[in-house]
Amino acid sequence: MLKHLRFLPLAALVFTACGRGQEADGAEDGDESATVTSAESALTAELSDEVAQPVSATGEALAQAAAARVPTRMTPSGCVVATQMGATVTYVLTNCTGPWGLVKVSGTLTVVYSRGMGGAVQAVVTGNGIKANNATFDVNATVNATQAAGVKRAQVTSQSTGTGPRGASLERQGSYTVTWDEASGCLTLDGVWETKVALRSWTTTVTAFKKCAGACPAAGGSIVVEAARLTVTLTYDGSSTAAWTANNRSGTVKLLCGG
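Fair warning: this is a prediction, and the values are worked out from it, not measured in the lab.

> What exactly am I supposed to notice about the state of the cysteines here?
Such a bond, covalent and formed between the sulfur atoms of two cysteines, is termed a disulfide. The tally for this structure, following the rule as stated, stands at 2 disulfides. The disulfide partner of Cys79 is Cys96, and the S-S distance across this bridge is 2.2 Å. Of note, the bridge from Cys79 to Cys96 carries an S-S torsion of about 125° and is right-handed in sense. Within this pair, whereas Cys79 is found in the loop between α2 (59-73) and β2 (80-85), its partner Cys96 is found in strand β3 (residues 88-96), the two being separated by 17 residues in sequence.

> For this particular structure, what's the right way to read α2?
Along an α-helix, residues three or four positions apart point the same way, because every turn accommodates 3.6 residues. Given a rise of 1.5 Å per residue, 15 residues ought to cover 21 Å, and the 21 Å separating the end C-alpha atoms of α2 matches this to within 8%. Among all positions in α2, only Gly59, Leu62, Ala63, Ala65, Ala66, Ala67, Arg69 and Val70 are buried.

> Before we go on, may I ask you to explain the nonpolar core in this structure?
Counting 64 residues, the largest nonpolar core has Leu47, Tyr91 and Tyr113 as its most contacted members. In terms of residue count, the dominant contributor to this core is helix α1 (residues 22-47) (7 residues). Those residues in contact with Leu47, other than ones at most four positions away along the chain, are Arg69, Val70, Tyr91, Leu109, Val111, Tyr113 and Val125.

> Would you explain the pattern of salt bridges in this entry?
Oppositely charged side chains can pair when the atoms bearing their charge come close. Per the counting criterion, the structure on display carries 5 salt bridges. A salt bridge links Glu46 to Arg69, with the nearest nitrogen and oxygen atoms 2.6 Å apart. Within this pair, whereas Glu46 is found in helix α1, its partner Arg69 is found in helix α2, the two being separated by 23 residues in sequence. Of the two residues examined, Glu46 and Arg69, each falls in the buried class. The residue Asp49 makes a salt bridge to Lys152 at a minimum N-O spacing of 3.2 Å. Note that Asp49 is positioned in the loop between α1 and α2 and Lys152 in strand β7 (residues 151-163), a separation of 103 residues in sequence. Accessibility classification places Asp49 together with Lys152 in one group, the buried group. Here the residues in one salt-bridge network are Glu46, Glu50, Arg69 and Arg73, joined through shared partners.

> Just checking my understanding: could you explain the packing of aromatic side chains for this structure?
Where two aromatic rings form a pair, the distance of their centres and the angle of their planes describe that pair. In this structure the tally under the stated criterion is 2 aromatic pairs. Here Tyr176 and Trp193 contribute two aromatic rings whose centre-to-centre distance is 6.1 Å and whose plane-to-plane angle is 75°, an arrangement assigned as edge-to-face. Residue Tyr176 is found in strand β8 (residues 169-181), and its partner Trp193 is found in strand β9 (residues 186-197); the two are separated by 17 residues along the sequence. Looking at Tyr176, the relative accessible area reads 2%, which means it is buried. Between the NZ or CZ atom of Arg172 and the centre of the ring of Trp193, over which it lies, the distance is 6.0 Å.

> What exactly am I supposed to notice about the confidence of the model for the protein here?
Residues shown with low pLDDT carry predicted positions that ought not to be read at fine detail. Looking at the protein as a whole, its pLDDT mean stands at 82, while 86% of the residues score no less than 70. Looking across the protein, the model is least confident in strand β1 (residues 13-14), with a mean pLDDT of 30, and most confident in β2, with 97. The low-confidence segment residues 1-20, where pLDDT is below 50, has 82 contacts with residues more than four positions distant or belonging to other chains.

What counts as what
Residues numbered from 1 in each chain as written. Predicted model: local features only at pLDDT ≥ 70, side-chain atom pairs only at ≥ 80, totals over all residues. Heavy atoms only, no water. Disulfide = S-S within 2.5 Å. Helix = DSSP H or I, 4+ residues; strand = E, 2+ residues; numbered from the N terminus. Expected span 1.5 Å × (residues − 1). Buried < 20%, exposed > 50% of the residue type's maximum accessible area, 1.4 Å probe, protein only. Core = buried A, V, L, I, M, F, W, Y, C linked by side-chain atoms within 4.5 Å. Contact = heavy atoms within 4.5 Å. Salt bridge = Lys/Arg side-chain N within 4 Å of Asp/Glu carboxyl O. Phe/Tyr/Trp six-rings, centres within 6.5 Å; stacked < 30°, edge-to-face > 60°. Lys NZ or Arg CZ within 6 Å of the ring centre and 35° of its normal. pLDDT = per-residue confidence, 0-100.

Below you can see the structure in the form of structure tokens.
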């Protein structure tokens, strides 16, 4: 994911039908939920990327490797202070920029490392008041990361709360799969989660939501938002807008991406 991952403002929504309705709100909610989750996935992917370590590596060895690696991946130099104690690493980040679209990340994260099923690297990530990509959130995620045939993949179960740039209170829980490609700098997100904003709640299903360095979401990705008596489908074509359809209406969401 890119440095432009962030919540979308309400004013960024443009739709072809006259007037603004719940379909337009649902389209924005879906894209916002996906971009926030992709920002979280960028953070958890980076903190759990010890998949090249030997299967025999203990939790303490994984923690030691991560504590040495993560600060080298963030800029400016010295913006991360990592303290290891056994299998636990505490990361203190101050206005860091990192891989996968992490921008202006600040806060304290605690990560406990261990070996999961099948030799996966398991990282339990917690943190309160994390600031990243124009949002502030608490994170509580369990990550199981693997690597096969050069492809890195993580299964993430997450429960988070936070506040977006508009001041809306956000609660989200569910699971997703994130695949990251070191060579291309791309992340792909697939998953299902429940989201609540104020009195509204919905289910978000994300399929092949892919972002690469310097680009908007790739063509082929889609999001389906399901709420009471409303289903909105959002599709991406690689441009700076995404199309939505619902209830015989259609429109577009303007995206903040692509420079």
